[in-house]
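Observations on chain architecture
The primary structure of each chain is shown beneath.
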Amino acid sequence: MKKIFLILVITAFYFTGFTQEIPRFNPDTIKTITLDSTVNIKAEKLNIETFINKVINDTSFYQSFRNMKRYSFIAENRIYTYDKKNKVDGKIYRKIKHNNSGPYKMEYLVKQDTGKVYKKNGKYQLYTVEMFDYIFMNAYNTDFVPNAPTGDGKGGTNEGYKDKLKTLIFNPGRPVKVPFIGSKTEIFTANMRQYYDYAFTSGTYLDSIPVYRFKVSVKPDLSSWTKDGIMIKELVTIFDKRNFNILGRYVDMKYGNMLFDFNVQMNIEMGYFGEDKLPTKITYQGNWDYPFKKEERASFLIVHKDYKLEKGK
């Protein structure tokens, strides 16, 4: 069960108002957007359902990770862990060349670790960091290949956890089979919509791409008791106006009960490389607490660059 909860926290979008940002990274796609004005929905012939249906049914985000198999690129990964006073007590830096020219090869250009990173048995101190390696290293290797086997859905193996992870990342708004949490991810049901505000904004992404910014956030006038029971506090999705591709996703999640407590923000940004849309930046910051276990505090910054399309891919 611990693994399931941690995957939920770590991927809170790779998603999907009161937000409590942890002062480490500031993972919000809005930072790379110049906003113009509130969208005139009637003039644009858009409505809430247009955006909600696209968020739920989109497959392009998943396809973007699969498309990385056709490219060689450089990944820079920075991981920080923190003590109870939010002081850094562990640092991990990886600069990795992912070579897809021929059989896949991964080469560490830089590999640095300082502070409290590993246990005596060689495993990571924090399960959050272990899951980071599992998610993002395998993303380039096996997780996102076509026809990859799905999990057993029971949470008994890493395949089961991976299956839940994919739902949380690529299909926010759908239920996830996690005890005490499953239905809380369904923020677009008729019952849950009463708790959220919807905002549409027009803008420019990366100085040149015309976009819509669709923001779903908890209504500010709800009672504290109602707010505490809502897990997804904010879900922001960036749409390319020209083709309605999703170029960015930000999620703010916070929830606690007798079994666990977490507070997480995560963001993914995409960019165009030729005809393909590929991940360029992923940020995560979060606290996770579980009874009888050490509280885990960590933040990640992942940057992909120097994409090169390989022949025959």
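Notes on the structure follow.

Rules of the game
Residues numbered from 1 in each chain as written. Predicted model: local features only at pLDDT ≥ 70, side-chain atom pairs only at ≥ 80, totals over all residues. Heavy atoms only, no water. Phe/Tyr/Trp six-rings, centres within 6.5 Å; stacked < 30°, edge-to-face > 60°. Helix = DSSP H or I, 4+ residues; strand = E, 2+ residues; numbered from the N terminus. Buried < 20%, exposed > 50% of the residue type's maximum accessible area, 1.4 Å probe, protein only.

**Here's the deal with the packing of aromatic side chains**
A full pass over the atoms with the stated rule returns 14 aromatic pairs. Taken together, a centroid distance of 5.0 Å and an interplanar angle of 35 degrees make the contact between Phe73 and Tyr307 tilted. With Phe73 in strand S2 (residues 71–82) and Tyr307 in strand S11 (residues 296–309), the pair connects residues that are 234 residues apart, well separated along the chain. Each member of the pair, Phe73 as well as Tyr307, is classed as buried. Here Phe239 and Phe244 contribute two aromatic rings whose centre-to-centre distance is 4.9 Å and whose plane-to-plane angle is 25 degrees, an arrangement assigned as stacked. Overall, the relative accessible area of 0% leaves Phe239 in the buried class. Classification of Phe244 as buried rests on a relative accessible area of 15%.

**Considering unusual backbone geometry**
The backbone of Leu206 sits at a positive phi, close to 55 degrees, despite the residue not being glycine. Of note, Leu206 is situated in the loop between strand S5 (196–205) and strand S6 (209–218). The residue Phe244 is not glycine, and still its phi comes out positive at about 65 degrees. Structurally, the position occupied by Phe244 is in the loop between strand S7 (232–240) and strand S8 (246–256).

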